[in-house]
Amino acid sequence: MFGSADIKVRPLKLALIVDPNSALQVREAIRLASTQWGGVFFPIIPMHKRIPASWREGLLKVPPAHDVVKGYLDGFDPDILVQFGRDLPKYVLDSKLKVIKPEDFWSCGRDKDANEPAYGIGVLDVLLDIFREHFKFKAKYPLKAIVPVIPKGLGLFWASVFGEYPVHIAEAIDKEFADALDISKPEVRVDKFHELTDGDVLFPRRVTQWATRVQGGSGFRRNASVFFMDASKIEDIIDFWNLRASGRQVLPLPKQFLDEQSFRQVVVEFLDEHRRPWGKDGKGFDVASLIRSRNSTMDEMQAFAKSLARPSAEEKPVNATQRMTLQHWYPRLWDEWARGKDGGVADVYGEDEETIDIEGEEHLSMRLKSIIPSFGRENWHWSQGRCVNEFDLRLYGADEHLAEVYPKVEGEQLLRAITGNIGSYGEWRVGRHGLARIVRRVSGESRKAPESEKILFAWLKDRGWEAKLSSSGILAKQIYKRLGGAVGMLADKDVLALIEHMNGGMVSRRGAQKDERVVAEREVSVADVKTKLNVHRYEWFIQKGIFKLGLQAKCPNCQRKSWFPMAALKEELDCPKCLNAFPAAGNIDQGRGGNWFYRTAGPFSVPNFADGAFSVLLTLEALAGRVTSGLRSTSVPSFEATAPGKVDLEADLAMFWRDGRYGDDTAGVLFGECKSYGPFKPKDFQRMRYLAEMFPGAILVFSTLRESLTKEEIAALTRLTKFGRKCWKADRPINPVLILTGAELLTWQRPPDCWNEELQKRFHNVDSLMEHCNASQQIYLGLPSWQEDWHAAFERRRLARAKRGQG
């Protein structure tokens, strides 16, 4: 086994769970976040019993409270939950995330006023690094360090803007850094906002962003926003905090400050800073969004926007529409579908990252090291976790399928499968991008690479299914092991025909009529095998033991030829046809090609293209290696699953996949139905329809070694494809269908290069797995793209509504 592991360092992310009506809890959450590296990106999650009335405006349907909380947890993907209020409900505990209380946060509860956190990298370590880089020696353009004094009026709002330290941390900072950083303590006032937030000023909230970088999250939308809010409302303050925690650049605009000219100027400068022309002609602009809070009205926000069209003497005349766009709804960060529309939650990483090689390890083991930022002390004795390392594994050359992708943990079975292979509970978890390790100290350790079969079957067991490999799956696993994972060596029509010919299967006679098929012989001369295989493939097949060598001799008693393996060769041979013995001398066949012949060995000797195992393995290989180059996978060949009171599951393959081609990962599960050269039958479509019903969101793969489909197959596939085309979330169908044929499976080329010239031009931009699903339905079924389908359906509904309105 060999491969690589990309290791990225990021802050330990805490989700701060509060009573949405408690200003005290929200302020305590802000204070805790202000003491942590990356704390500005910690979400504050309001534990609603029921959704407030303020949500009803701007949403077609108000979601249940528990869906919002679960959606926030899914979107922000925290490592640990901090419980500020009452006991958490079961649906939160089912996330399997560790839960701590604020009083457990400092030095493992030994001393609530201790200065070193038990979790994460504390602000004292961050400030020490800032001192070394900017204050140890006199800088040409020095930074200013401040700890603002938060006023009583709108105190919670100002704390959310600047951050605020707990008393014991504030005292420790005074003691250790007041002189070293020349810290000042200015009073916060509206007219001083510009001065206190200037780019060269370090205040508590900005310190938490030290040595971090934001990646992805906002899709194609610009991430700069002005949040039009009511600074006296707890709900708006939480929303402002979470909008910024999602990775956006956010300027708060309290309606209490609309008449403050100095604050108005801050807003204008922010808008102008993020107003960028498109192209060289400058006719269009990329602008920031002015987002309305739930406790503000659209009329109030529009009135402010119009006021910008009447600039003061100090401002340049600019059309308001060229300064901003107005957004009447709050981004739906809790909604997986809407995150694809409104912009999601960004990933936040540190500056340290490393790629390590995994090579030459025995027993499928891999040595994974941990990394801590340079300013985080490596061996803080009381730490329960300093930071997080994310591991992106890419494994090759193993003789079994290994797990590169992991689903979110939803039950004990998957949790045991992961921690049993990787480490102890609480140290490892499955995050948005796969394996994430909560690092306590710098170390390196060898761990067994997780087997795909254990991970996927544990996931199914958590969902009530008891799964096992079918007989075909066991055979496919044996073939994969013999090939050492190099399934691509079988990706050739002539190679498969040769193996089937040697297995006595029904094969087409070269030059015969289309329907004329004959039963093949079981052995082929060495000379013929060499002719049919190129030198590299021939030598590789011999090395892997796919063929076994023997002699062909003619029995003088029954006058029939028989093949004798090397181990059976002796001076006197036993005829397997008539069971008589005869001397080898004088009876060895000296015909064309000599007397040495090959037969297939082991699992390669099973007829019908290894009982379909070849098509299964070639499909998995194409999906993981060629259809989408950036894909990571956890694959299992043919399996069966049972559950009480349910129809049995059966699939030729299953795969967890993650596609990271465009920065923001997409992931999911797929199931496959594979054929060699036989047709898909009604029962095959029924099985896949059942899988679609059991696993909404799953991709349904139909693969065949043939290069075309029959009319009956096209009709059945079209029905199933239309069933799965319902728009689900993030502009994708609920069960997209992917069709693969010999054009994609029996080649070394990736799509679109494996297609004809016309298709290459038509689908030259197809790259991701979802794009391949869309393209394959157009190529093999003649359907329009699903975007065209959805647009046509929308137009039909629009016309129907218009017709009803006229009536």
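Summarised in this report is the structure supplied together with it. It should be emphasised that the depicted structure is a prediction, and the values quoted were computed from it without experimental measurement.

### Considering the sheet that holds strand β1 (residues 2–10)
Then comes step 1: The 5 strands lie next to each other as β16-β1-β18-β20-β19, forming an open sheet whose pairing is antiparallel. Sheet topology places β16 (353–359) and β19 (428–431) at the edges, where each strand pairs with a single neighbour. With strand direction ignored, the average angle separating the axes of adjacent strands in the sheet is 30°.
Then comes step 2: Both β19 and strand β20 (residues 434–439) contribute to a ladder of 4 bridges, which runs antiparallel. Bridging from a neighbouring strand, W428 pairs with R437 of β20.

### Some details on the packing of helix α1 (residues 23–33) against helix α5 (residues 155–162)
Then comes step 1: Closest axis-to-axis distance for the α1/α5 pair is 10 Å, and the angle between their directions is 20°. When the interaxial angle is binned, α1 and α5 end up roughly parallel. Of the two possible hands of crossing, α1 and α5 adopt the one that is left-handed. Residues A23, V26, R27 and I30 of α1 lie in contact with α5, whose contacting residues are G155, L156, A159 and S160.
Then comes step 2: In the contact of α1 with α5, the residues fall into 5 nonpolar, 2 polar and 1 charged.

### Digging into the pairing of strand β37 (residues 737–740)
Then comes step 1: A two-sided burial pattern is seen for β37, the buried positions comprising V737 and I739 on one face and L738 and L740 on the other.
Then comes step 2: Bridging between strand β34 (residues 699–704) and β37 involves 4 bridges; their strand directions are parallel. When the bridges of β37 are listed, V701 appears paired with L738.

### A look at the pairing of β34
Then comes step 1: Within β34, 6 of the 6 residues are buried, which leaves it mostly tucked inside the rest of the structure.
Then comes step 2: Neither face of β34 is exposed, since I699, V701 and S703 on one face and L700, F702 and T704 on the opposite face are all buried.
Then comes step 3: Here strand β33 (residues 666–675) pairs with β34 via 6 bridges, running parallel. Bridging across to β34, K675 finds its partner in T704.
Then comes step 4: Each parallel crossover has a hand, and the one from β33 via helix α21 (residues 682–694) to β34 is right-handed.

### Observations concerning the environment of D236
Then comes step 1: By the element assignment, D236 lies in helix α9 (residues 234–245).
Then comes step 2: Taking the relative accessible area as the measure of exposure, D236 reaches 0% and is therefore buried.
Then comes step 3: Beyond its immediate sequence surroundings of up to four residues, D236 is in contact with F227, M229, D230, S293, R294, N295 and S296.
Then comes step 4: A polar atom in the side chain of D236 sits 2.8 Å from the side chain of N295.

Parameters and conventions
- Residues numbered from 1 in each chain as written.
- Predicted model: local features only at pLDDT ≥ 70, side-chain atom pairs only at ≥ 80, totals over all residues.
- Heavy atoms only, no water.
- Pairing = 2+ DSSP bridges.
- Helix = DSSP H or I, 4+ residues; strand = E, 2+ residues; numbered from the N terminus.
- Axes fitted to C-alpha atoms, helices over the stretch in contact; angles between N-to-C directions.
- Parallel < 35°, antiparallel > 145°, perpendicular 65-115°, else oblique.
- Left-handed = near helix turned anticlockwise from the far one by under 90°.
- Contact = heavy atoms within 4.5 Å.
- Nonpolar A, V, L, I, M, F, W, Y, C, P; charged D, E, K, R; others polar.
- Buried < 20%, exposed > 50% of the residue type's maximum accessible area, 1.4 Å probe, protein only.
- Right-handed = clockwise from strand over helix to strand, strands pointing away.
- Polar contact = N/O pair within 3.5 Å; in protein donor to acceptor, adjacent residues only side chain to side chain.

Treat this as a map of the structure, not an account of what it does.
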